[in-house]
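In case you want the letters, here they are:
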Amino acid sequence: MTARDTILVTGGAGFVGSHFARAALDAGSKVVVLDDFSGGSTEVPGAVIVRGDIADRALVGKTLAAHRVTSVVHFAGKIAVNESVRDPAMYFDGNVVRTLALLDVIREHGPGVMLFSSTAAVYGTPERTPIEEHDRLAPINPYGATKLAIEHALAGYGTAYGLRWAALRYFNAAGAHPDGTLRENHEPETHLIPLVIDAALGRRPPLVIFGDDYPTPDGTCIRDYVHVCDLAAAHLAALDRLDGGASLGAINLGASTGMSVKQIIGVAERVLGRPVRHSIGPRREGDPAVLLASNALAARVLGWRPERSSLETILDDAIRSRT
Ligand code: UDP
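For clarity, every value in this text was computed on a predicted model and none was experimentally measured.

*Asks:* So what about the overall build of the protein? Which residues, and what values?
*Replies:* From N to C terminus, the protein includes 10 helices and 13 strands. By the compact-globule yardstick of 20 Å for 323 residues, the protein fits well, its C-alpha radius of gyration being 19 Å. Its C-alpha atoms give the protein principal-axis dimensions of about 55 × 40 × 35 Å. Residue burial in the protein is summarised as follows: out of 323 residues, 56% are buried. Restricting to contacts in the protein with at least 6 residues of sequence separation, those with at least 24 account for 77%. Working note: accessible area of the protein is about 13,000 Å², and carbon and sulfur atoms make up 51% of it. Of the charged side chains in the protein, 32 are positive and 36 negative; the average position of the first set lies 2 Å away from that of the second.

Below is the structure:
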């Protein structure tokens, strides 16, 4: 029995979760998706779908036992930085309280292997870039704080209860499966790349750039965009590593390439051959100027290298999934 035999994927109807579910199915795992379908609506063909709440202890316990689940990959959660600033109660409940309920059931029923979707937002405003995993953890918004709280819980549960875990700190997940069947599909959509594409295609109002007075070369925020299929591959590698032994702790998943909002608009205009209508607005609360990963640890521990994370490929795949 290996961690990859039967995987419970919480949030498997969401953007990263559905891409992981697809990759795991393609690699031969049985996949059980647990999702309340509140934030995404993708049903990956071939996955068993369980509609429900990660905090429904009876449902989770029954699901783990009925399917003889061998690992849990936990994507379900709230993901919008600005919403977390406005409504921290919802974020602490959705991301912390409910995840602790899930962890209780896992403690009781197994399995002993878990991957957690964490985020670059745990670093807050980084002291230096590229960011390494042991750099200061000081979230500047409730979203990042909730993810860090669970990382701390996992460390304690690993030591005390023998849970083998990894927290994968995503930088900016983007792109889509190259076959065009899965897409980034948040409701409401707040992420830059789908908004840029839809603004260019005239499907949404012009993009508002959230601030052009940051201390970056063109004044707009720099992020590290990583293809969602590269993220999915890293999760499979992490499950394999956890089979062999100890917890992996926190690992950055980014392409280690920084792109500003204006640079993305420029590449999108080139790839699409049409203008991305936009205006400059005020800064968004909770946004650090630069987030850029060192992915050296992921390379060393997981043998992971991003393969589809050039911005052109990310945009090509995202555009194909939206047209
Ligand atoms: N952004 C923007 N306008 C938008 C959405 C996002 O200028 O309508 C910027 C945002 O300030 C950040 C970057 O694009 O610097 C990426 O934001 P996104 O919400 O996609 O991801 P996050 O960095 O919050 O995880």
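*Asks:* Give a description of the pairing of strand S2 (residues 30-35) that names residues and reports values.
*Replies:* With five of six residues buried, S2 is to be regarded as a mostly interior element. Of the pairings in the sheet, the one linking strand S1 (residues 6-10) to S2 comprises five bridges and is parallel in character. Looking across to S2, one finds that Thr6 is bridged to Lys30. Handedness of the crossover joining S1 and S2 through helix H1 (residues 15-26) is recorded here as right-handed. Both S2 and strand S3 (residues 48-51) contribute to a ladder of four bridges, which runs parallel. Within the sheet, the bridge partner assigned to Val33 lies in S3 and is Ile49.

*Asks:* For the site of the ligand, give the residues involved together with the corresponding values.
*Replies:* Around the ligand, a shell composed of 16 residues is seen, among which Leu192, Val208, Phe210, Arg284 and Asp287 lie nearest. A distance of 3.0 Å separates an oxygen atom of the ligand from a polar side-chain atom of Asn172. Within the contact set of the ligand, an oxygen atom lies 3.0 Å away from a side-chain nitrogen or oxygen of Arg223. Against a free-state accessible area of 520 Å², the protein chains account for coverage of 90% of the ligand. Listing elements by their share of the shell around the ligand, those giving two or more residues are helix H6 (192-200) and strand S8 (207-210). Ranked by residues supplied to the shell around the ligand, first place goes to S8 with four residues.

*Asks:* Go over the nonpolar core with me, naming the residues and quoting the values.
*Replies:* In terms of nonpolar packing, the biggest core is built from 38 residues, with Phe20, Leu115, Leu168, Leu239, Leu253 and Leu302 touching the most fellow members. Considering each element in turn, this core owes the most residues, 10 residues, to helix H7 (residues 228-244). Among all residues touching Leu115, those that are not within four sequence positions of it are Val72, Val73, His74, Ala166, Leu168, His235, Ala238, Leu239 and Leu242. Grouped together as the second largest cluster of nonpolar side chains are 26 residues, Leu64, Val105, Phe116 and Trp165 included.

*Asks:* Would you mind going over the pairing of S1 in detail, with residue names and values included?
*Replies:* One face of the sheet, then the other: side chains in a regular strand alternate in exactly this way. A large share of S1 lies buried, amounting to five of its five residues. Side chains of S1 alternate between two faces, with Thr6, Leu8 and Thr10 and Ile7 and Val9 buried alike. Of the pairings in the sheet, the one linking S1 to strand S4 (residues 71-74) comprises four bridges and is parallel in character. Note on S4: the bridge partner recorded for Leu8 is Val72.

*Asks:* Provide a residue-level description of the sheet that holds S1, including the pertinent values.
*Replies:* Strand order in the open sheet formed by seven strands is S3-S2-S1-S4-S5-S6-S11, and the pairing between neighbours is parallel. Edge strands, defined here as strands with exactly one partner in the open sheet, are S3 and strand S11 (249-253). Averaged over all pairs of adjacent strands, the angle between their axes in this sheet comes to 20°, without regard to strand direction. Here strand S5 (residues 113-119) runs beside strand S6 (residues 164-170); their pairing, made up of seven bridges, is parallel.

*Asks:* Please give an account of the packing of H6 against helix H10 (residues 311-322) that cites residues and values.
*Replies:* For any two helices packed against each other, the geometry is given by the interaxial angle and the distance between the axes. Interaxial distance between H6 and H10 falls to 10 Å at its minimum, and their mutual angle equals 65°. In this structure, H6 meets H10 at a crossing whose hand is right-handed. Along the contact surface, H6 presents Ile193, Pro194, Ile197 and Asp198, while H10 presents Leu311, Ile314, Leu315, Ala318, Ile319 and Arg322.

*Asks:* Explain the pattern of salt bridges to me, using residue names and the numbers behind them.
*Replies:* Using the criterion set out here, one finds 21 salt bridges in the structure. In this structure, the salt-bridge partner of Asp104 is Arg107, at a minimum N-O distance of 3.7 Å. Placement of the pair is Asp104 and Arg107 together in helix H4 (residues 88-109), with a separation of three residues, close to one helical turn. We note a salt bridge from Arg308 to Asp317, for which the minimum N-O separation is 3.0 Å. For Arg308, a relative accessible area of 28% translates into the label partly exposed.

The rules behind these values
- Residues numbered from 1 in each chain as written.
- Predicted model: local features only at pLDDT ≥ 70, side-chain atom pairs only at ≥ 80, totals over all residues.
- Heavy atoms only, no water.
- Helix = DSSP H or I, 4+ residues; strand = E, 2+ residues; numbered from the N terminus.
- Rg over C-alpha atoms; globule rule 2.2 N^0.38 Å.
- Buried < 20%, exposed > 50% of the residue type's maximum accessible area, 1.4 Å probe, protein only.
- Contact = heavy atoms within 4.5 Å.
- Areas by Shrake-Rupley, 256 points an atom, 1.4 Å probe, with all protein chains shown as cover.
- Lys, Arg positive; Asp, Glu negative; His and termini not counted.
- Charge placed at Lys NZ, Arg CZ, Asp CG, Glu CD.
- Pairing = 2+ DSSP bridges.
- Right-handed = clockwise from strand over helix to strand, strands pointing away.
- Near = heavy atom within 4 Å.
- Polar contact = N/O pair within 3.5 Å; in protein donor to acceptor, adjacent residues only side chain to side chain.
- Core = buried A, V, L, I, M, F, W, Y, C linked by side-chain atoms within 4.5 Å.
- Axes fitted to C-alpha atoms, helices over the stretch in contact; angles between N-to-C directions.
- Left-handed = near helix turned anticlockwise from the far one by under 90°.
- Salt bridge = Lys/Arg side-chain N within 4 Å of Asp/Glu carboxyl O.

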